[in-house]
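For reference, the chains in residue letters:
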Amino acid sequence: MKMDILKHNLVPKHEIMSDSEIKKTFKDLDYETKNLPKIKLSDPVVKNIDAKIGDILKITRNSQTAGTFITYRIVEK
């Protein structure tokens, strides 16, 4: 029996961002998306959501201290 990793309570929500979402999110920041922290193409969640090299992932975590915490990662080989 195979478990759906995305349904595990310790795995935060991962979403592939569209080009328009990326532009909107990073337009007012003096930050290039190529400098984002990396996530490997071999990561089980990356494989599960069918992300490709260069995709930007929005990762949403629930935190007891921060409420909702959003991070971004770029998929690399």
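Everything here concerns the structure above.
Everything quoted here is computed from the prediction, not taken from an experiment. (Residues numbered from 1 in each chain as written. Predicted model: local features only at pLDDT ≥ 70, side-chain atom pairs only at ≥ 80, totals over all residues. Heavy atoms only, no water.)

1. Quick look at the overall build of the chain
- When helices and strands are tallied, the chain shows two helices and four strands.
- Sequence-ordered secondary structure for the chain, helices as α and strands as β, is β-α-β-α-β-β.
- Burial statistics for the chain: of 77 residues in total, 25% are counted as buried.
- A fraction of 56% describes how many contacts in the chain between residues 6 or more apart in sequence connect residues 24 or more apart.
- In the structure as shown, the chain presents an accessible area of about 6000 Å², 51% of it carried by carbon and sulfur atoms. (Helix = DSSP H or I, 4+ residues; strand = E, 2+ residues; numbered from the N terminus. Buried < 20%, exposed > 50% of the residue type's maximum accessible area, 1.4 Å probe, protein only. Contact = heavy atoms within 4.5 Å. Areas by Shrake-Rupley, 256 points an atom, 1.4 Å probe, with all protein chains shown as cover.)

2. Examining the pairing of strand β3 (residues 56–63)
- Here four bridges tie strand β1 (residues 13–16) to β3, and the two strands are oriented antiparallel to one another. Bridge pairing in β3 links isoleucine 16 to leucine 57.
- The pairing of β3 with strand β4 (residues 67–76) spans eight bridges and is antiparallel. By the bridge assignment, lysine 58 is partnered in β4 with tyrosine 72.
- Linking β3 to β4, which pair antiparallel, is a turn of three residues. (Pairing = 2+ DSSP bridges.)

3. A short note on the environment of lysine 34
- As for its placement among the helices and strands, lysine 34 is situated in the loop between α1 (19–26) and β2 (38–40).
- Residue lysine 34 is classed as exposed on the basis of its relative accessible area of 55%.
- Spatially, the C-alpha atoms of lysine 34 and isoleucine 56 are 9.3 Å apart, while their sequence positions differ by 22 residues.

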